Amino acid sequence: MYTEVNGLNIHYVEAGEGPDILLLHGWGASTDSWRGVIEALSHSCHLIALDFPGCGKSSLPERPLTTDDYVDLVIKFCKAQGLNNPILIGHSHGCRVIMKLLGTGLMSPEKVVLIDGAGLKPKFNLKKSVKQCTYKTVRRVLTLPGLKKHTVGLLNKARGHFGSADYNSAPEVMRKTLVNLVNDDMTPYIGKIKASTLLIWGENDTATPLYMAKILEKTISDCGLCVIKNTGHWSFVERPLEAHAILNSFLP
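What you see is a predicted model, and the numbers here were worked out from it, not measured in a lab. (Residues numbered from 1 in each chain as written. Predicted model: local features only at pLDDT ≥ 70, side-chain atom pairs only at ≥ 80, totals over all residues. Heavy atoms only, no water.)

S.K.: Which parts of the structure should I look at to understand helix α9 (residues 210-219)?
M.R.: Given 3.6 residues per turn, any residue in an α-helix points the same way as the ones three and four places further on. Every buried residue of α9 is listed here: L210, M212, A213 and L216. Buried residues of α9, seen end-on, are gathered within an arc of 150 degrees and therefore sit on one face of the element. (Buried < 20%, exposed > 50% of the residue type's maximum accessible area, 1.4 Å probe, protein only. Helix = DSSP H or I, 4+ residues; strand = E, 2+ residues; numbered from the N terminus. Arc of directions from axis to C-beta.)

In structure tokens:
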């Protein structure tokens, strides 16, 4: 199914009857990542999962997006679907959007689930910082007015060498979107979250390490953390039975 939001064709899927649950996927993923969760919860809940712009079957945005753009899209999507403060479940980037939605008071659901959530600034990493600074210097030189038209190939090679897999695999507009997102720290908002919050985290998550979950657990007033052993950033996909059991115990 599709609906139009802010001039973009947004694809979504829905299943089940009961309390409304909105599922927000991670960066570069799609509604497909929620198949197991939808199957596990649809016996007692009404679930809707959307594809963010540029992901799955939704339209590619014409300009780079910010976290605020994603927040605005979710609010308008909910209004179009008649969802009034649904329970929110997010993975990775989807959690960033949820943190800002709740931290700014734009939505006030009773319950929230954050799975391997992105949104907090990582701890200082000297090796990573040097790599980033080197790439920025190389990019600045290769995009000088007199060189730019001759250095496209070299710039692409630099991206391939210095950039992350997510960054390199994305179209240009989504690469710029990713830069906007990772530079937007959700720390000022998490202390304002009032919803009963469940954290599900992979023990060995390297993209959003476990220490981030512990920060969230300490900062959000009504919050509990469930760690899934021997899993990474996709804990709910790697150990679906454990994740589904946790979700079923927390959700109506």
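That covers the picture; the talk isn't over yet.
S.K.: Would you explain the side chain of S58 in this entry?
M.R.: Among the structural elements, S58 can be located in the loop between β4 (46-50) and α2 (67-81). What makes S58 buried here is its relative accessible area of 9%. Within the structure, S58 has its side chain in polar contact with the backbone nitrogen of H11 (distance 2.9 Å). When neighbours within four sequence positions are excluded, S58 is seen to be in contact with N9, I10, H11, D51, F52 and P53. (Polar contact = N/O pair within 3.5 Å; in protein donor to acceptor, adjacent residues only side chain to side chain. Contact = heavy atoms within 4.5 Å.)

S.K.: How should the sheet that holds β4 be read in this particular structure?
M.R.: Across a sheet, paired strands are connected by hydrogen bonds in the backbone, their directions being either parallel or antiparallel. Pairing within the open sheet is mixed, and its 8 strands lie in the order β1-β2-β4-β3-β5-β6-β7-β8. Where the open sheet ends on each side, the last strands, each with one partner, are β1 (2-5) and β8 (223-228). Strand-to-strand twist across the sheet, computed as the mean angle between neighbouring axes with direction ignored, equals 20 degrees. Bridge count for strand β2 (residues 8-15) against β4 is 4 bridges, and the pairing is antiparallel. (Pairing = 2+ DSSP bridges. Axes fitted to C-alpha atoms, helices over the stretch in contact; angles between N-to-C directions.)

S.K.: Please clarify how the pattern of salt bridges should be interpreted in this entry.
M.R.: A side chain of one charge can pair with a side chain of the opposite charge if their charged atoms are brought near each other. If you walk through the whole model with that rule in mind, you get 9 salt bridges. Note that D72 and K76 form a salt bridge whose closest N and O atoms lie 3.2 Å from each other. Taken together, the residues D72 and K76, both in helix α2 and 4 residues apart, mark about one turn of the helix. Since its relative accessible area comes to 28%, D72 is described here as partly exposed. Salt bridges linked by common partners bring D68, K100 and D184 together as one network. (Salt bridge = Lys/Arg side-chain N within 4 Å of Asp/Glu carboxyl O.)

S.K.: How do you make sense of the pairing of strand β5 (residues 87-91) when you look at a structure like this?
M.R.: Along any regular strand the residues' side chains alternate between the sheet's two faces. Taken across its 5 residues, β5 has 5 buried, putting it largely inside the fold. Of the pairings in the sheet, the one linking β5 to strand β6 (residues 111-115) comprises 4 bridges and is parallel in character. Within β6, the position partnered with G90 by the bridge is L114. Once the chain exits β5 it traverses helix α3 (residues 93-103) before rejoining the sheet at β6, and the crossover so formed is right-handed. (Right-handed = clockwise from strand over helix to strand, strands pointing away.)

S.K.: Would you mind going over the packing of aromatic side chains with me for this structure?
M.R.: Aromatic ring pairs are defined here through the distance separating the ring centres and the angle between the ring planes. Taken as a whole and judged by the stated rule, the model has 4 aromatic pairs. Geometrically, the ring pair formed by W34 and F236 is tilted, given 5.1 Å between the ring centres and 35 degrees between the ring planes. You can see W34 sitting in the loop between β3 (20-24) and α1 (35-41) and its partner F236 sitting in helix α10 (residues 235-238), a full 202 residues away along the chain. Residue class for W34 comes out buried when judged on its relative accessible area of 0%. Relative accessible area serves as the criterion here: at 3%, F236 is assigned to the buried category. (Phe/Tyr/Trp six-rings, centres within 6.5 Å; stacked < 30°, edge-to-face > 60°.)

S.K.: Please explain the side chain of D69 as it appears in this structure.
M.R.: Secondary-structure assignment places D69 in helix α2. Discounting chain neighbours no more than four positions away, the residues touching D69 are R63 and P64.

S.K.: Got a minute to help me understand the pairing of strand β7 (residues 196-202) in this structure?
M.R.: In terms of burial, β7 is a largely internal element, 7 of the 7 residues being buried. Sheet analysis places β6 next to β7, joined by 5 bridges and oriented parallel. Of the residues in β7, the one forming a bridge with I115 is I200. Sheet topology places β7 next to β8; 6 bridges connect them, and they run parallel. Its bridge partner being in β8, L198 is matched across the sheet by G224. The parallel pair β7 and β8, bridged by α9, forms a crossover whose chirality is right-handed.

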